Amino acid sequence: FWLKPAALGPLPLQISRTHPSKQRAPASMSSVPAAELSKEQKDELLCTYAALILHDDGAEVTPQAMNNLIKAANCTVESYWPMLMAKMINTTGMESLIKMGSGGG
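Parameters at a glance
Residues numbered from 1 in each chain as written. Predicted model: local features only at pLDDT ≥ 70, side-chain atom pairs only at ≥ 80, totals over all residues. Heavy atoms only, no water. Helix = DSSP H or I, 4+ residues; strand = E, 2+ residues; numbered from the N terminus. Expected span 1.5 Å × (residues − 1). Buried < 20%, exposed > 50% of the residue type's maximum accessible area, 1.4 Å probe, protein only. Arc of directions from axis to C-beta. Core = buried A, V, L, I, M, F, W, Y, C linked by side-chain atoms within 4.5 Å. Contact = heavy atoms within 4.5 Å. pLDDT = per-residue confidence, 0-100. Salt bridge = Lys/Arg side-chain N within 4 Å of Asp/Glu carboxyl O.

Right, let's get into helix α3 (residues 80-92). The terminal C-alpha atoms of α3, which comprises 13 residues, lie 18 Å apart, in line with the 18 Å expected from a rise of 1.5 Å per residue. Taken together, the buried positions of α3 are Trp-81, Pro-82, Met-85, Ala-86 and Ile-89. One side of α3 holds all its buried residues, which, seen down the axis, span an arc of 120 degrees. Residues Met-83, Lys-87 and Thr-91 are exposed on α3 and point more than 90 degrees away from its buried face.

This is the structure we're talking about:
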């Protein structure tokens, strides 16, 4: 299952019409491998992915739903993370959070 921290890695290559000699290296999700993240960083990343999956599926983002996805990935997080993330998402709105994180307009 793709939520396993060990499975976190570079994004797939993008299709481009630019000649290969002029293309940049593919972007990665982070400059730090997932195995080198602290427990808190891994917990936050797992909750973020769980929330994005729920949002993308049109499901309500709740602590229980996030925990179900995280457990399905054979992962665990500190119990407060899903509650904090769900509260932030439901207060601020997922669309607003995505816009803030993307740097786009």
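Membership of the largest hydrophobic core comes to 18 residues, with the highest contact counts inside it found for Cys-47, Ala-51, Leu-54, Val-61, Met-66, Ile-70 and Val-77. Contributions of two or more residues to this core are made by α1 (39-57), α2 (63-72) and α3. Per-element tally for this core: the top contributor is α1, with five residues.

A few words on the environment of Asp-43. Assignment of secondary structure puts Asp-43 in helix α1. Given a relative accessible area of 1%, Asp-43 falls into the buried group. Sequence-wise, Asp-43 and Tyr-80 are 37 residues apart; in three dimensions their C-alpha atoms are separated by 10.0 Å. Apart from the residues lying within four places of it in its own chain, the contact partners of Asp-43 are Thr-76, Val-77, Glu-78 and Trp-81.

Here the focus is the confidence of the model for the protein. Confidence along the protein averages 77 in pLDDT terms, with 67% of residues attaining 70 or more. The least confident element of the protein is helix α4 (residues 94-102), whose mean pLDDT is 79; the most confident is α2, at 96. Low pLDDT (under 50) marks residues 1-16, which in the prediction has 31 contacts with non-local residues, meaning those over four places away or in another chain.

It is worth spelling out the pattern of salt bridges at this point. Under the counting rule described, the total for this entry stands at one salt bridge. Here Asp-43 makes a salt bridge to Lys-39, at a shortest N to O gap of 2.8 Å. Of the two residues, Asp-43 and Lys-39 are both situated in helix α1; the distance of four residues between them amounts to about one turn of the helix. We classify Lys-39 as partly exposed; its relative accessible area is 38%.

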